[in-house]
Amino acid sequence: MIETILKRDLGTPPAAIFADADIEYVTLEIDGQRVTVPAGTSVMRAAALSDINIPKLCATDSLEPFGSCRLCLVEIEGRRGYPASCTTPVEPGMVVRTQSSKLQQLRKGVMELYISDHPLDCLTCPANGNCELQDMAGVTGLREVRYGYEGENHLKLKKDESNPYFTFDSSKCIVCNRCVRACEETQGTFALTISGRGFDSRVSAGQNESFMESECVSCGACVEACPTATLQEKSVIWLGQGEHSVTTTCAYCGVGCSLNAEMKGTEVVRMVPAKDGKANEGHACVKGRFAWGYATHKDRILKPMIRSKITDPWKEVSWDEALDYAASEFKRIQAKYGVDSIGGIVSSRCTNEEGYLVQKLVRAAFGNNNVDTCARVCHSPTGYGLKQTLGESAGTQSFKSIEQCDVVLVIGANPTDGHPVFGSRMKRRLREGARLIVIDPRRIDLIKSPHVRADYHLQLKPGTNVAMLSSLAHVIVSEGLLNERFIAERCEERAFAQWRDFVAQPESSPEAMADITGVPAQLVREAARLYATGGNAAIFYGLGVTEHAQGSTAVMAIANLAMATGNVGREGVGVNPLRGQNNVQGSCDIGSFPHELPGYRHVSDSTVRGAFEAAWGVPLQAEPGLRIPNMFEAALDGSFLGLYCQGEDIVQSDPNTQHVTAALQAMECVVVQDIFLNETAKFAHVLLPGSSFLEKDGTFTNAERRISRVRKVMPPRAGYADWEVTMALSNRLGYPMNYRHPSEIMDEIAMLTPTFTGVSYARLEELGSIQWPCNADAPDGTPTMHIGEFVRGKGRFIITQYVGTSEKVTRKYPLILTTGRILSQYNVGAQTRRTENVQWHAEDRIELHPHDAQERGIVDGDWVGIESRAGATVLRALVTERMQPGVVYTTFHFPESGANVITTENSDWATNCPEYKVTAVQVMPVQQPSEWQQAYRRFNTEQLQLADTNAVPPVTA
């Protein structure tokens, strides 16, 4: 094993040290060495820090000390007995001995008891070479076991193979409790327990259930904690231990977990969360830890393909032919229809460097600003709202900041499903005593889960966020809960006075808003008081805020609340957007919007534009280009006819699917670059194979502005990384790009972007990760924004008048549909659907309240039709009290579900972010798929046949 796999475990966590507190140190003697450590450090950790290793089995530095294995006994001068070093804190002048003949005898006796009830199959055990029990047997000098197997033992206990990713072999369990504690402390699910007493004590999932039947969420924390082969990845059982490890960054949600890919040659054996990963600190979820098999799935597109019409069979061609064809088509279209007739879409799943090249390709090679990114349909209101109020288009804090939070306000987000590793960190803080306010139409897990209860659940009606936020602000203003000093020092006086007068009006009171939001006024008042007076208060929000007609207004209202209470600019507070995809923050940072160059600087700024023109050697347009919805409209009116779409599936992810597909069918050349034949690729004329995150170098930027390295662990399966493909296309269009490595692209980003000037691959190697801004003022990055003053100077309060959505319920459409995600699946599901995660969630379902179900004669599991003004689809019903009457909910992970067939084109007034969260619908029992689903199945079958170069061409009429 190489060093990155065998990073030292110091036995117990470091002593708790609070920010701004003076650190008290303690000096003691261990085995004759003088040791100085912070007060509260365990004897075990103090010894390990001095390179004195005390034997241990139940102790690990990711969990609180437990003291059950009795291997870590030490002798302390003046103290009777043999205390456990993991649970004994250091004291001044303490004299500790870690080795003596008596300690050796005690430890050997303990090990003998463990081994007497443990299989002796070390040579064939999958943990061979990575087993702490095996290691400790060697350390203690155990050479024989005097106790035979004739008596009662656990050696024939049956394995639990139910989980698709790991096995549970109870016969190898030493009941150290590490898995149970990891489930409690690290993950916060409390799915594991110790059943029985004495000799009958065994780890069990739930009430002696299988792992798959229990509440286990398959995060892998128990597997990581297990010191034996009791809990073991099936991939390790099949492939053996890895021979080397490469640290990279997860390509799923916006948490940006650091992972060690343990490898055999170019084959991934397993993913292990990096203990020194700043975003995740040694934890992961079922997706990041286990769902990476899609990278080698049989559906991968590995050869470029072209065709003239979408009804033609695909033709496999060389890279040169495919790129030549794409370039010639783009040139033809521009020659015929004008320079603005083509554009590109930047992926939020690709790296910063790749996104930068795509927007550069559009601006410099296409010669226009028709570039956009998937943030358009998720967090574009965050960029707009936070820029207007605070001065920067990003969240204010690091994830670690929550450890100093006293009040957590979650609005329009479901962290345990959408951002599970951060959700676990949040639950830990809540278990430690932080208070919780949840504003959500649905009863998410945070409202009531093991040892976590929301103090207030404001279960508002979808589409009324701004009304709710205004009523919270009203209470804070009218009851004198403002932080007057902060406002006077840090905010614009006139803007604040106007905002204060606005929210103080009776029309903004919780009582006046109750009929709109559906939330009792008293609950709103109590929640507002808690947020304003409960200490450090932080707001965490997600797509349930931004994907509304008033998404930008709601973001500004959130910033208003934070400024009004002084909850900005220090640890434990802030405004924290939880970004949905791995690099959605980064794709915005590097200039993927049609109106902004890298660093959120408007294209009309001649000074900024001049710097890019000088660096790129071409003139740039001064007017913003087309947003994604504008591209669709322009396609349908015949003025936008060519699209380069890298790593986005707009057909499945964008609203009103039938409108999107009509726009794509109107285009003359659609070039899709992706790892699979996704839904958008079925409407393409050129399909360029993409590369997964395992096949490329680069960086991702997570929701806390943290830039982390992505490192190639295997060669690109189709021959090229995505940045190389974009570069080759640009060269064929006549604009030269000649980068040799993504590090050179980052150097260019840093040279042209003030917030990135201190970022380089060398600095990332040195620091591990960097939170921008990183420049001369902040050479190591900026964990907390707006300390002392806001980026814009003075914070700006903005009046946020509630305007009801035009999407109204009627007698024909009496229910409101809202959408979201589920833990085991990710976004459009292209990756997770090609893994064993489908065992947890194999279809999108429509959730509805028992009252609504009973009214319609619907029982759980029935097929039901969901019809809106835009279209209709059919899903299976899930009857649940998570929903409030009048509101239904579904996910959008499976293309055949057609969730976005029924969402409308309503969008945010400032950014065109679609209003996915409010669609008026009717739900009724049905017996067959919708017309759209039937047509989709026919079209999908035809397209799969057209893509199969070995298949017989479909018969055409």
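So, how was this worked out
Sequence positions are assigned chain by chain, starting from 1 and proceeding in written order. Where local features are concerned, this predicted model is filtered to residues with pLDDT of at least 70; where side-chain atom pairs are given and counted, the filter is 80 or more; whole-chain, interface and lining totals use all residues. The basis for every side-chain value is the complete set of heavy atoms in the structure, and neither hydrogens nor water enter the calculation. Patch definition: residues above 30% relative accessible area lacking any salt bridge, with like charges linked at up to 9 Å and the nonpolar side chains Val, Leu, Ile, Met, Phe, Trp and Tyr linked at up to 5 Å. Method for areas: the Shrake-Rupley scheme with a 1.4 Å probe, in which residue coverage is limited to the protein chains shown. Any Lys or Arg side-chain nitrogen located within 4 Å of an Asp or Glu carboxyl oxygen qualifies as a salt bridge. Helix and strand assignments come from DSSP, with helices taken as H or I runs of at least 4 residues and strands as E runs of at least 2, each series counted from the N terminus. Buried means the residue's accessible area, taken with a 1.4 Å probe over protein chains only, is under 20% of the maximum for its type, while exposed means over 50%, and partly exposed covers the values in between. Polar contact is the term for a pair of N or O atoms within 3.5 Å; when the atoms are in protein, one must be able to donate a hydrogen and the other to accept it, and sequence-neighboring residues count only if both atoms are side-chain atoms. For this analysis, residues touch if any pair of their heavy atoms sits within 4.5 Å. Between the N-to-C directions of two axes lies an angle of 0 to 180 degrees, each axis being a line fitted to C-alpha atoms and, for a helix, fitted only over the stretch in contact. Any angle from 65 to 115 degrees is called roughly perpendicular, while one under 35 is roughly parallel, one over 145 is roughly antiparallel, and all others are oblique. Asp, Glu, Lys and Arg are counted as charged, while Ala, Val, Leu, Ile, Met, Phe, Trp, Tyr, Cys and Pro are counted as nonpolar; the rest, among them Gly, fall into the polar class. What is meant by a nonpolar core is a set of buried Ala, Val, Leu, Ile, Met, Phe, Trp, Tyr and Cys residues, joined one to another through side-chain atoms within 4.5 Å. Confidence scores here are pLDDT values: one per residue, from the predictor, ranging 0 to 100. Two strands are said to pair when DSSP picks up at least two bridges between them. Between the rings of Phe, Tyr and Trp (Trp by its six-membered ring), a pair exists once the centres lie within 6.5 Å; its type follows the angle of the planes, with under 30 degrees stacked, over 60 edge-to-face, and the other angles tilted. Geometrically, a lysine NZ or arginine CZ counts as sitting over a ring once it is within 6 Å of the ring centre and also within 35 degrees of the ring normal. By this rule the span expected of a helix is its residue count minus one, scaled by 1.5 Å. Here, the arc refers to the directions that run from the helix axis to the C-beta atoms.

With that settled, consider a nonpolar patch on the surface. Side chains of Ile-17, Ile-23 and Tyr-25 sit close together on the surface and give an oily, nonpolar patch of about 300 Å² of accessible area. Examined against the element boundaries, Ile-17 turns out to sit in the segment before strand S1 (25-30). Assessed through its relative accessible area of 46%, Ile-17 is described here as partly exposed.

We now examine the side chain of His-457. Within the secondary structure, His-457 sits in strand S20 (residues 456-458). The exposure class of His-457 is buried, given its relative accessible area of 16%. At a separation of 2.9 Å, a polar atom in the side chain of His-457 contacts the main-chain carbonyl oxygen of Asp-440. Dropping the residues within four chain positions of it, His-457 is found in contact with Val-438, Asp-440, Arg-442, Arg-443, Ile-447 and Leu-523.

We now examine the packing of helix H13 (residues 465-478) against helix H15 (residues 493-504). In contact at an axis separation of 8 Å, H13 and H15 are set at 105° when each is read in the N-to-C sense. Taken together, the axes of H13 and H15 lie roughly perpendicular to each other. In this structure, H13 contributes Ser-470, Ala-473, His-474 and Val-477 to the contact, and H15 contributes Trp-499, Arg-500, Phe-502, Val-503 and Ala-504. Among the residues forming the contact of H13 with H15, the class breakdown is 6 nonpolar, 2 polar and 1 charged.

It is generally the case that most residues other than glycine have a negative phi and that most peptide bonds are trans. Residue Pro-773 is reached from Trp-772 by a cis peptide bond, and omega for that bond is 0°. With phi around 65°, His-451 is a residue other than glycine that occupies positive phi space. Along the polypeptide, His-451 turns up in the loop between strand S18 (448-449) and strand S19 (452-453). In this structure, Tyr-600 takes a positive phi of about 60° despite not being glycine. Tracing the backbone shows Tyr-600 in the loop between strand S23 (596-597) and strand S24 (601-602). For Tyr-600, a relative accessible area of 8% puts it in the buried group.

Our next topic: the nonpolar core. By size, the foremost hydrophobic cluster in this structure holds 72 residues, and its most contacted members are Phe-211, Leu-231, Val-408, Met-426 and Leu-436. The element contributing the most residues to this core is helix H12 (residues 420-431), with 4 residues. Formed by 66 residues, the second largest nonpolar core is a distinct cluster that contains Leu-543, Cys-588, Tyr-600 and Leu-729.

Let's shift gears to the confidence of the model for the protein chain. Confidence in the prediction for the protein chain averages 95 pLDDT; 98% of positions are at 70 or higher. When the criterion is pLDDT under 50, residues 1-6 qualifies, and its contacts beyond four places in sequence or with other chains add up to 13 contacts. Within the model, the stretch residues 951-957 combines pLDDT values under 50 with 3 contacts to residues more than four positions away or in other chains.

This brings us to the sheet that holds strand S10 (residues 258-264). Reading across the sheet, the 3 strands line up as S9-S10-S11 and stay open at both edges, with antiparallel pairing between neighbours. Where the open sheet ends on each side, the last strands, each with one partner, are strand S9 (244-249) and strand S11 (267-273). Pairwise comparison of adjacent strand axes, ignoring direction, gives a mean angle of 30° for this sheet. Taken together, the 6 bridges between S9 and S10 define a ladder with antiparallel strand orientation. Paired with Thr-247 across the bridge in S10 is Asn-260.

This brings us to the packing of aromatic side chains. Across all of its chains, the model carries 22 aromatic pairs by this definition. Measuring from centroid to centroid gives 6.4 Å for Tyr-600 and Trp-772, while their planes differ by 35°, and the two rings are tilted. Of this pair, Tyr-600 sits in the loop between S23 and S24 while Trp-772 sits in the loop between strand S30 (769-771) and strand S31 (815-820); the two residues are 172 residues apart in sequence, bridging distant segments of the chain. Seen from their ring centres, Trp-932 and Tyr-936 are 5.2 Å apart, and the 20° between their planes marks the pair as stacked. With Trp-932 and Tyr-936 both in helix H30 (residues 931-947) and 4 residues apart, the pair spans about one turn of that helix. Judged by its relative accessible area of 12%, Tyr-936 falls in the buried class. One residue, Arg-442, lies across the ring of Tyr-889, its end atom 3.9 Å from the ring centre.

By the criterion of burial, S10 is predominantly enclosed, with 6 of the 7 residues buried. By the bridge criterion, 6 bridges tie S10 to S11 in an arrangement that is antiparallel. Note that in S11 the partner of Leu-259 across the bridge is Pro-273.

Moving on to the environment of Arg-796. Topologically, Arg-796 is positioned in the loop between S30 and S31. A sequence separation of 499 residues divides Arg-796 from His-297, and the C-alpha atoms of the two residues are 50 Å apart. When residues no more than four places from it in sequence are discounted, the contact partners of Arg-796 are Gln-388, Thr-389, Glu-492, Ala-495, Asn-560 and Met-563.

This next bit is on the environment of Leu-458. When you line up the elements, Leu-458 lands in strand S20. By relative accessible area, which is 0% here, Leu-458 ends up buried. With 73 residues separating them along the chain, Leu-458 and Tyr-531 place their C-alpha atoms 13 Å apart. Among all residues touching Leu-458, those that are not within four sequence positions of it are Ile-437, Val-438, Ile-439, Asp-440, Met-468, Leu-472, Val-519, Leu-523, Val-524 and Ala-527.

So, on to H15. Its 12 residues give H15 an end-to-end C-alpha distance of 16 Å, which sits within 8% of 16 Å, the value for a rise of 1.5 Å per residue. Of the positions making up H15, those classed as buried are Ala-495, Phe-496, Trp-499, Phe-502 and Val-503. Seen end-on, H15 carries its buried residues on one side only, within an arc spanning 130°. For H15, the exposed residues set more than 90 degrees away from the buried face come down to Glu-493 and Arg-494. Along its buried surface, H15 packs onto H13, helix H14 (484-490) and helix H19 (551-564).

In a beta sheet, neighbouring strands pair by backbone hydrogen bonds and run either parallel or antiparallel. Taken together, the 7 strands give an open sheet; going across it, the order is S13-S12-S27-S26-S25-S14-S15, and neighbouring strands pair in mixed fashion. The sheet is open, and its two borders are formed by strand S13 (315-316) and strand S15 (371-373), each paired with just one other strand. Note that strand S25 (residues 642-646) and strand S26 (residues 669-674) share 5 bridges and pair parallel. Considered in S26, the bridge of Cys-645 is made with Val-672. Sitting on the sheet, helix H8 (residues 319-337) touches strand S12 (305-306), S13, strand S14 (342-346), S25, S26 and strand S27 (686-689), and the angle it makes with S27 is about 135°. Of the strands in this sheet, S14, S15 and S25 are in contact with helix H22 (residues 628-636), which crosses S15 at around 125°.

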